[in-house]
Amino acid sequence: SAPRVADLPGDYLTKALSVPTLSPTPTTFTQNIGDGLYNERDVDLYEFDLVLGQTLTVSVAPTSGSSLDANLRLYDYEGNLVASNGEAEEGPSGPNSPLEYRMIRTPGAGTVVKHYLAVTGKANTPTSIFTVPTSPPPTTWTAADRGGYQVSLVVDVPPGPDAISDDAAGALFLATTPQTTTTYT
């Protein structure tokens, strides 16, 4: 059989697919998990900028004939996980559920900040977006771990500068929905 080749979007940071400027009009990609060098450990990584105050909404669905249960993970410019679609305490969560994230303030960053969206199969939990996928494979893979998907990214129009507080009490936090908040001090 033919040797496997790297897919695009790539599996780690330097191979991420650069996404043009996001807008209220959905930016949509149709891709496959399991079609690259790493089989079911495949990570499709998208790179884009968010503006201070924007809310990012990401939706994902399997393509026709696919049983993929896609996990979404959003990382900041330093590679920190800031949101995922599998961590909600209330509302929809888990594979194929949407992800919503509002960029309020990131310490040391400007008003435009690079972010990375990782799409994986159900059993794949990448340990880093900086290196080749090394997550140990489960005993068996299922149809939920590979297949086609369509992902859409949408941002709202950011609020004006008066809508974002400049003091520590009002602005030094990142809020993700559903029900996840990270506090920076």
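Preceding this section is the structure that the text describes.
This write-up is about the structure you can find in this document. All of these numbers come straight from a predicted model, not from anything done at the bench.

## Some remarks on the overall build of the chain
When its secondary structure is counted, the chain shows one helix and eleven strands. Listing the helices and strands of the chain from first to last along the sequence gives β-β-β-β-β-β-β-β-β-α-β-β. The burial tally for the chain puts 44% of its 185 residues in the buried class. At a minimum sequence separation of 6, the contacts of the chain that also span at least 24 residues come to 80%.

## Examining the sheet that holds strand S3 (residues 44-51)
The mixed open sheet is built from five strands, whose spatial order is S1-S3-S8-S5-S6. Of all the strands in the sheet, the pair left with one neighbour each is strand S1 (17-18) and strand S6 (81-84).

## Some words on the packing of aromatic side chains
Enumeration over the complete set of coordinates arrives at one aromatic pair. With a centroid separation of 5.0 Å and 40° between ring planes, the pair formed by Phe29 and Tyr46 is classed as tilted. Taken as a pair, Phe29 in strand S2 (residues 27-33) and Tyr46 in strand S3 lie far apart in primary sequence, 17 residues in all. Phe29 gets classed as buried once you look at its relative accessible area, which sits at 16%. For Tyr46, a relative accessible area of 0% gives the class buried.

## Re the nonpolar core
Counting 28 residues, the largest nonpolar core has Tyr46, Phe48, Leu56, Leu117, Val151 and Leu153 as the members making the most contacts within it. Taken together, the elements giving at least two residues each to this core come down to S2, S3, strand S4 (55-62), strand S5 (71-75), S6, strand S7 (99-102), strand S8 (112-120) and strand S9 (147-155). No other element matches the four residues that S9 contributes to this core. Leaving out residues up to four positions away in the same chain, Val151 has contacts with Thr27, Thr28, Phe29, Tyr46, Val58, Ser59, Val60, Leu72 and Leu117.

## Side note on the environment of Leu8
Topologically, Leu8 is positioned in the segment before S1. On the basis of relative accessible area, Leu8 is assigned to the exposed category, the value being 53%. For the pair Leu8 and Asp44, spaced 36 residues apart in sequence, the C-alpha to C-alpha distance is 7.2 Å. Ignoring anything within four residues of it in the chain, the contact list for Leu8 reads Lys15, Leu17 and Gln31.

## Some remarks on the pattern of salt bridges
Taken as a whole and judged by the stated rule, the model has one salt bridge. As a salt-bridge pair, Asp49 and Lys114 come within 3.1 Å of each other at their nearest N and O atoms. Of this pair, Asp49 sits in strand S3 while Lys114 sits in strand S8, and the two are 65 residues apart along the sequence. Under the relative-accessibility criterion, Asp49 is labelled partly exposed at 37%. On the basis of relative accessible area, Lys114 is assigned to the partly exposed category, the value being 29%.

## Some remarks on the pairing of S5
The element S5 is largely enclosed, with a buried count of five among its five residues. Burial along S5 is two-sided: Asn71, Arg73 and Tyr75 and Leu72 and Leu74, pointing in opposite directions, are all buried. When S5 meets S6, the two strands line up antiparallel, connected through three bridges. Counted as the bridge partner of Tyr75 is Leu81 from S6. Counted between consecutive antiparallel strands, the loop separating S5 from S6 contains five residues, among which Gly79 sits at a positive phi close to 85°.

Cut-offs used in this document
Residues numbered from 1 in each chain as written. Predicted model: local features only at pLDDT ≥ 70, side-chain atom pairs only at ≥ 80, totals over all residues. Heavy atoms only, no water. Helix = DSSP H or I, 4+ residues; strand = E, 2+ residues; numbered from the N terminus. Buried < 20%, exposed > 50% of the residue type's maximum accessible area, 1.4 Å probe, protein only. Contact = heavy atoms within 4.5 Å. Pairing = 2+ DSSP bridges. Phe/Tyr/Trp six-rings, centres within 6.5 Å; stacked < 30°, edge-to-face > 60°. Core = buried A, V, L, I, M, F, W, Y, C linked by side-chain atoms within 4.5 Å. Salt bridge = Lys/Arg side-chain N within 4 Å of Asp/Glu carboxyl O.

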